Amino acid sequence: MQGLTATLLRGLWYVALPGAMVRPGAMVTKTLLGEPVLIGRGRDGGVFALRDICPHRGIPLSYGRFDGETVACCYHGWRFDTAGVCREIPSLREDQKVDVERIRCGSYPCVERNGLIWVYFAQAGEAPAGREAGPPAMPVFGDGDAPGAAIMLPFPCSTDHAAFGLMDPTHAAFVHTSWWFKKDPSRLRPKEKAFEPSELGWRMVRHPLPPQNIAYRLLGQNVTTEISYRLPGLRVEEIRGDRHAVVGLTAITPVDAENTEVWQFFWISMGWAGLMRPLIEHLMRVFLDQDRVVVVRQREGLVKAQPRLMLINDADTQARWWMRVKDEWLEAQQAGREFANPLKPMTLRWRS
Ligand code: FES
Ligand SMILES: [Fe+2]
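Residues numbered from 1 in each chain as written. Chains lettered and ligands numbered in written order. Predicted model: local features only at pLDDT ≥ 70, side-chain atom pairs only at ≥ 80, totals over all residues. Heavy atoms only, no water.

**Student:** I'd love a proper account of the nonpolar core, names of residues and values included.
**Tutor:** Residues V15, I39, W202 and L249 are the most contacted members of the largest nonpolar core, which totals 67 residues. Domain assignment of the residues forming this core places at least three in each of domain 1 (12-130) and domain 2 (139-351). Residues in contact with I39, not counting those within four places in the same chain, are A16, L17, V22, A26, M27, V28, K30, L32, F48, A49, I117 and V119. Judged by nonpolar contacts, the second largest core, of 14 residues, contains F48, L50, C73 and F80. (Core = buried A, V, L, I, M, F, W, Y, C linked by side-chain atoms within 4.5 Å. Buried < 20%, exposed > 50% of the residue type's maximum accessible area, 1.4 Å probe, protein only. Domains from an automatic or database assignment. Contact = heavy atoms within 4.5 Å.)

Set out below in structure tokens:
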């Protein structure tokens, strides 16, 4: 936590990108958890993820061509199917026996759910199983529902500092200052929220939202919210009224130990929200960029002085929980046992 880098967690599903960004027959290359990953969609509509390195001479496969079924390397034309199995080596003559299918470029478990492409990073080549057999499902909305708004900004910070930003209840008055969203830092109000452990993390217990707020009134009566945080860096906010619901997901996906992609998605049950998409995404980007600017400046200090950092009560308690849950994940993996959530229900108090 102190420095520029974070320990990256394996044995978990990560958000790679929205499914809408990969058309059938297309491929996209990304660096995720420090590894080159080629993500594509076959002609049949299914998504896949390969290690973006040709096992022949190491050139990224993404320079090659994808015909909807196999990726052909740009150097000598070796072809790999979407499971990463070599299907053809063009230079071979009929009497030259090479067991082509034993050659593999490496693949990652990859699924599309809730309109997002998720990639599983195994600890040691194992298939996803147990509580991580599949990526987490979003509440309220179905597997096939794509988000109505989606943005990403690259943050030049580790996943730890990106995660701290997500769960930081007291920075808004100082960081998020736009004409349409402004809190007066000299008029902070006391806050008190109940938290409890939940799947691979914790949640802020469901509570009612102020009925006088116009934005919430669009959702109907009795609007409530629940916010959950879980490994490997997902914040899910579910706001529900008796007529409509909005689900927000922020996902922090490590590019490497000191760079992070911060994705933000919204699923919105009001049909007319589709027309507002450009405006909603613009506002999301303005908001998220304020968080990004802070970590750019923070990096300046971390690089210059490698300071020891502080976490104080209760405002930084969730940051501390993040580190505890992460440590437990790593310890459980090392000991080959089940993850046991170390957190207890707790009420946190702060001013914001
Ligand atoms: S380097 Fe890929 S086919 Fe030779
Ligand atoms: Fe923020």
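Here the narrative resumes, following the displayed structure.
**Student:** Explain the side chain of H207 to me, using residue names and the numbers behind them.
**Tutor:** By the element assignment, H207 lies in strand β14 (residues 201-208). Take H207: its relative accessible area is 18%, and that puts it in the buried class. (Helix = DSSP H or I, 4+ residues; strand = E, 2+ residues; numbered from the N terminus.)

**Student:** Break down the side chain of D81 for me, with residues and values.
**Tutor:** Along the chain, D81 falls in strand β7 (residues 79-81). Leave out the neighbours within four places in its chain, and D81 touches L50, E69, T70 and R87.

**Student:** With reference to specific residues and values, describe the coordination of the iron ion (ligand 2).
**Tutor:** Within the protein, the iron ion (ligand 2) binds to H171 (NE2), H176 (NE2), D291 (OD) and D291 (OD); these donor distances fall in the range 2.1 to 2.7 Å. On the basis of relative accessibility, which here comes to 16%, the residue H171 falls in the buried class. Looking at D291, the relative accessible area reads 18%, which means it is buried. (Donors = N, O, S within 2.8 Å, 3.2 Å for Na, K, Ca; no water.)

**Student:** Residue-level account of helix α1 (residues 159-166), with values.
**Tutor:** Buried residues dominate α1, accounting for seven of its eight residues. Within α1, burial applies to T159, D160, H161, A162, A163, F164 and L166. Where α1 is buried, its residues contact β15 (224-230), β16 (234-240), β17 (245-256), β18 (259-268), α4 (277-305) and α5 (317-335).

**Student:** Report on a nonpolar patch on the surface, specifying residues and quantitative values.
**Tutor:** On the surface, a nonpolar cluster with roughly 530 Å² of combined accessible area is contributed by L218, W272, L275, M276 and L279. If you trace the backbone, W272 turns up in the loop between β18 and α4. W272 sits in the partly exposed class, given a relative accessible area of 44%. (Patch = residues over 30% accessible without salt bridge, like charges linked within 9 Å, V, L, I, M, F, W, Y side chains within 5 Å. Areas by Shrake-Rupley, 256 points an atom, 1.4 Å probe, with all protein chains shown as cover. Salt bridge = Lys/Arg side-chain N within 4 Å of Asp/Glu carboxyl O.)

**Student:** Outline the layout of surface pockets, supporting the account with residue identities and numerical values.
**Tutor:** Rolled over the atoms, a probe as big as a water molecule pinpoints where empty space is left. The volume enclosed by the second largest pocket comes to roughly 310 Å³. Take the lining of the second largest pocket: its biggest share by element is three residues, from α5. Classifying every residue of the lining of the second largest pocket gives six nonpolar, five polar and five charged. Residue contributions to the lining of the second largest pocket reach at least three from each of two domains, namely domain 1 (12-130) and domain 2 (139-351). (1 Å grid on protein atoms, 1.4 Å probe; cavity = no way out; pocket = protein on both sides within 12 Å on 5 of 7 lines; lining within 4 Å. Points joined across faces, edges and corners; volume = space filled by probe spheres on them. Nonpolar A, V, L, I, M, F, W, Y, C, P; charged D, E, K, R; others polar.)

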